[in-house]
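Single-letter residue listing:
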Amino acid sequence: MDNDARVDDQSPADQLVVESGIKGFVYENRKPFKQVDFNRTYHYSKVKTRDASHVFVERCQKFSVIDFVITLFPILKWLPKYKWKTEFQLDVISGITVGILHIPQGLAYSSLGLVPPIVGIYMAFFPVLIYTMMGTSRHISMGTFSVICIMTSKPVLEYAITMDESSNSRNMLINNSFVKSDDLVGSTLSPVQVAAAVCLVVGLWQVLFGVLRFGSISVLMSEFLVSGFTTGAAFLVLTSQLKHIFGLKLPKRTGHFKTIHTYIDTISMIGDSNIYAIALAVTVVMINVTFNEFFKPIISRRCPVPVPVELLIIIGGSTLSLFLDLPNKYGVTVVGDIPTGFPEPTLPPLWLLPKLAVDGFLIALVAFSINISMASIFARRDNYDIDANQELLASGCGNLFASFFSCIPFCASLSRSSVQYSVGGKTQLASAVSCIFLTGVLLYVGPFFEPLPNSVLAGIIIVALLSMFYQVKEFWSACKQSKRDGFIWMTTFVSVIVFEIDVALIIGLTISVISLVIIGLTPSITILGRIPFTSVYLDLKRYQAETVPGILILQVAGAMNFANTEAIRVKILKLFHESIESQQNNKDVPIENVILDMSTVFYVDPSSSRNLISIHQELLDKGISLSLVSLKGDIFEILVKCDFFNIFPDCQLYPTIQDAISFLKKEDQFNIS
């Protein structure tokens, strides 16, 4: 009977432990400790930290040339283990398929960077060779990408000098303003020269980031910031194609509001549109959309290799233009001269590099963020690791090498990467196969695409942008999840359309950082209560917990620093006064002690230590004792360095909330109800 009675008197939590047969008990089977006694009993010791010199010496001792080379060129690690019998065939099929996709995308996207179409093919060859040897991702397809090309067009427009056909003087048009050519003797640059210089700067930035181990720099660009930025860039790309879609000779616009001015120019000149160019663009869009929506799903189930509809459209457009003589008879603009063979290595204009530092930094940041995002997607799918710092080095070295061969900065493409993965590509050997395939295009096939109408390429670009336009849906998703993220998305999106693309990125990054600072300035401080019959303390507003008579338990979450010291002090005292009023109204036991739970505080600076002393003294003047519990080791050591315990008594430190309550209430831990 006694045993039955004891079981019946137990709490639900205790009965659950007894009935389930779990060893242990809800309450800790130990006497309560103060922090000083706890540290002595369990032999607390300070963690020894190593200075930079010791770390450097250790790394030098462990340095191995062979390991360094293998780390720098990951291909040396996976190629000896390559399964030639099972994986090579898949990589060959994947490489040829992606190589075919490189042709239409390279020809189309290179025009976004205001460089000749053949540059897009160069970008699919030279930098990809380097990335194949140095990259850690097995599936991403590097080469042209619309956003990076459109970002490169800004410095190309700014520094590439073209003759103004409407002027009879020896003036040159730069950024919609005229300067005398005598002031620029020896500095006349072609778009390719400027683009190559941008490529060199981007490569230098990325190599620098990689050497300094800044692989985590991509965290500056949140998911919604990238989404808003790329969606806005998609509209810029569409705007840049209006002249080809309507067959108009629009004036070049630069600076802020250029997108708006371009639409105004298009509307004002719409009467001069070339109906044949419009017809070609519309036809290409309709064929592409119809194929993707209706025929592609059916064919993909029966044919493992995707049908290169874009390449077929380009071949058809070139053939049609050649036989109908579209440029001469119907005034349709075409791609024009496409040289064969490889370009000669040429040093970009080095004097221009300082002027491109900011543009190069932003392009390097965006390109790396896109690369690492796509690489992470495929790495998670196939359960392998990628090295962010090595990805920076691979991209940087690829850009440095490509800059000597008339290339613009390269980046991963989601569409090509998805195809490379879905077709069965296993390693970056697929990219090497793609490069071999494109060699034939560079040597022999290029001139075939010279009569290709620009409106055909514009149609291909529009269809490729549809997936980016669909990202508008992510704005509503962002708003539902967090109004802050929704605001970042929309602000970045609008900024890209209204301002220069680099200024828009800076605006987006600034707002993102400010939002993080604001979050840091508003720390979370909650009142805790005890779950009945346990030693678990949780948020009173979210759980059916009970207050401990005479004790106010507060939990501070986040970092405590100079920026939020006043906010923390005001909020703690506000909660204290509200609790005093509440217990007076309810005629509860007066509050005599305040416990501050520091278990979720991960940083404290000297200003915060002084703030805690100020709170302690202010409460002490009211006859209230302040206790700190659950101080992490590093937080405790920071407070020691700040001489915190010269004023705050260390006897008011406790390992847990339950220890503090046991001493403050002078109750036995096992009899708390």
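Up top is the structure.
Note that the structure is predicted; figures quoted are calculated from it, not measured.

**Overview of the overall build of the protein**
When helices and strands are tallied, the protein shows 29 helices and 11 strands. Relative to its 673 residues, the protein shows a buried fraction of 47%. Long-range contacts, defined as pairs at least 24 residues apart, comprise 81% of the intrachain contacts of the protein with a sequence gap of at least 6. Accessible surface, the protein as shown: approximately 33,800 Å² in total, 62% of it carbon and sulfur.

**Some thoughts on the sheet that holds strand 11 (residues 653-654)**
Ordered in space as 7-6-8-9-10-11, the six strands form an open sheet in which the pairing is mixed. Edge positions in the open sheet fall to strand 7 (537-539) and strand 11, since each of these has one partner strand only. For strand 10 (residues 625-629) and strand 11, the ladder comprises two bridges, and the chain directions are parallel. Following the sheet pairing, Val629 is matched in strand 11 by Tyr654. Lying over the sheet, helix 28 (residues 633-641) contacts strand 9 (593-604) and strand 11, oriented at roughly 100° with respect to strand 9.

**Observations concerning the packing of helix 12 (residues 223-240) against helix 25 (residues 501-521)**
Packed helix pairs are characterised by how far apart their axes lie and by the angle those axes make with each other. Following both chains from N to C, one finds helix 12 and helix 25 inclined at 160°, their axes separated by 11 Å at the closest point. In this view, helix 12 runs roughly antiparallel relative to helix 25, as classed from their interaxial angle. Here helix 12 runs over helix 25; the crossing is right-handed. Contacts between helix 12 and helix 25 involve Leu225, Phe229, Ala233 and Leu236 from the first element and Ile501, Leu505, Gly508, Leu509 and Ser512 from the second. Looking at side-chain class alone, the contact of helix 12 with helix 25 contains seven nonpolar, two polar and no charged residues.

**Side note on a nonpolar patch on the surface**
Among the surface-exposed residues, Val307, Leu312, Ile315, Phe342, Leu443, Tyr444, Val445 and Phe448 lie close enough to one another that they form a single nonpolar patch of about 690 Å² accessible area. Within the residue set of the nonpolar patch, elements represented by two or more residues are helix 16 (309-324) and helix 21 (429-445). With three residues, helix 21 is the largest single contributor of residues to the nonpolar patch. Take Phe448: it is sitting in the loop between helix 21 and helix 22 (454-469). We classify Phe448 as partly exposed; its relative accessible area is 39%.

**Description of the packing of aromatic side chains**
Going through the model one piece at a time under the given rule, you end up with 31 aromatic pairs. Ring centres of Phe33 and Tyr42 lie 5.9 Å apart, and the angle between their planes is 70°; this geometry places the pair in the edge-to-face category. Ring geometry for Trp489 and Phe493: centres 5.2 Å apart, planes at 25°, overall stacked. Here the residue Trp489 and the residue Phe493 both occupy positions in helix 24 (residues 483-498), the gap between them amounting to four residues, near one helical turn. Stacked on the ring of Tyr421, the Lys or Arg Arg381 has its end atom at 5.4 Å from the ring centre. Across the ring face of Tyr470, the terminal group of Lys473 is positioned such that the distance to the ring centre comes to 5.6 Å.

**Concerning helix 19 (residues 388-403)**
Over its 16 residues, helix 19 extends 22 Å from the first C-alpha to the last, a length consistent with the 22 Å expected when each residue adds 1.5 Å. Most of helix 19 sits inside the fold, with 12 of its 16 residues counted as buried. The complete set of buried residues in helix 19 reads Asn389, Gln390, Glu391, Leu392, Leu393, Ala394, Ser395, Gly396, Gly398, Asn399, Ala402 and Ser403. Those residues of helix 19 that are buried lie in contact with helix 5 (65-72), helix 9 (126-134), strand 1 (141-143), helix 11 (191-211) and helix 18 (357-382). By the N-cap criterion, in which a side-chain oxygen at the helix start approaches the backbone nitrogen of a residue two or three places on, helix 19 is capped by Asp387, the distance to Asn389 being 3.0 Å.

**A short note on the pattern of salt bridges**
It is possible for side chains of opposite charge to pair when their charged atoms get near one another. Considering all chains together, one arrives at eight salt bridges under this definition. Salt-bridge contacts for Lys154 lead to Glu158; the nearest nitrogen and oxygen are separated by 3.5 Å. Here Lys154 pairs with Glu158, and both are found in helix 10 (residues 146-159), just four residues apart, close to one helical turn. According to the relative accessible area criterion, Glu158 is partly exposed, its value standing at 23%. A salt bridge links Lys154 to Asp359; the shortest N-O distance between them is 3.4 Å.

**Notes on the packing of helix 11 against helix 19**
Running from amino to carboxyl end, helix 11 crosses helix 19 at an angle of 155°, the nearest separation of the two axes being 7 Å. Taken together, the axes of helix 11 and helix 19 are roughly antiparallel relative to one another. Between helix 11 and helix 19 the crossing geometry is left-handed. Contacts from Ala196, Cys199, Leu200, Val202, Gly203, Leu204, Gln206, Val207, Phe209, Gly210 and Val211 of helix 11 reach helix 19 at Asn389, Leu392, Leu393, Ser395, Gly396, Cys397, Asn399, Leu400, Ala402 and Ser403. Residue composition of the contact of helix 11 with helix 19, grouped by class: 13 nonpolar, eight polar and no charged.

What counts, and at which threshold
The residue numbering used here restarts from 1 in each chain and proceeds along that chain's sequence as written. Where totals are concerned, whole chains, interfaces and linings use all residues; where local detail is concerned, this predicted model gives features only for residues with pLDDT of at least 70, and gives and counts side-chain atom pairs only at 80 or more. The side-chain values count all of the structure's non-hydrogen atoms but skip hydrogen atoms and water molecules. Where helices and strands are cited, they refer to DSSP runs of H or I of at least four residues and of E of at least two residues respectively, numbered from the N terminus. A 1.4 Å probe rolled over the protein chains alone gives each residue an accessible area, and that area as a share of the maximum for its type sets the label: buried under 20%, exposed over 50%, partly exposed in between. Only heavy atoms matter for contacts: two residues are in contact if any of them lie within 4.5 Å across the pair. Each accessible area value is a Shrake-Rupley result obtained with a 1.4 Å probe; residue values ignore everything except the protein chains displayed when judging cover. Here, any two strands with at least 2 DSSP bridges between them count as paired. Angles shown run from 0 to 180 degrees and are taken between the N-to-C directions of axes, each axis being a line fitted to C-alpha atoms and, for helices, limited to the stretch in contact. Oblique is the label for any angle not covered by the other classes, which are roughly parallel (under 35 degrees), roughly antiparallel (over 145) and roughly perpendicular (65 to 115). Put simply, a crossing is left-handed when the front helix is turned counterclockwise from the back one by less than a right angle, and right-handed when it is turned clockwise. Polarity classes work like this: nonpolar for Ala, Val, Leu, Ile, Met, Phe, Trp, Tyr, Cys and Pro, charged for Asp, Glu, Lys and Arg, and polar for all others, with Gly in that last group. Residues enter a patch when their relative accessible area is above 30% and they make no salt bridge; the linking distance is 9 Å between like charges and 5 Å between nonpolar side chains (Val, Leu, Ile, Met, Phe, Trp, Tyr). Salt bridge, as used here: a side-chain nitrogen of Lys or Arg that lies within 4 Å of a carboxyl oxygen of Asp or Glu. To pair, rings of Phe, Tyr and Trp, with the six-membered ring standing in for Trp, must have centres within 6.5 Å; the planes then decide the type, stacked if under 30 degrees apart, edge-to-face if over 60, and tilted in the middle. Lysine and arginine charges are scored as sitting over a ring when NZ or CZ, respectively, is within 6 Å of the ring centre and within 35 degrees of the ring normal. Under the convention used throughout, the expected extent of a helix is 1.5 Å for every residue step, that is, one less than its residue count. Counted as a polar contact is a pair of N or O atoms within 3.5 Å, where, for protein atoms, one must be capable of donating a hydrogen and the other of accepting one, and residues adjacent in sequence contribute only when both atoms are in side chains.

Distances and angles like these do not, on their own, reveal function.
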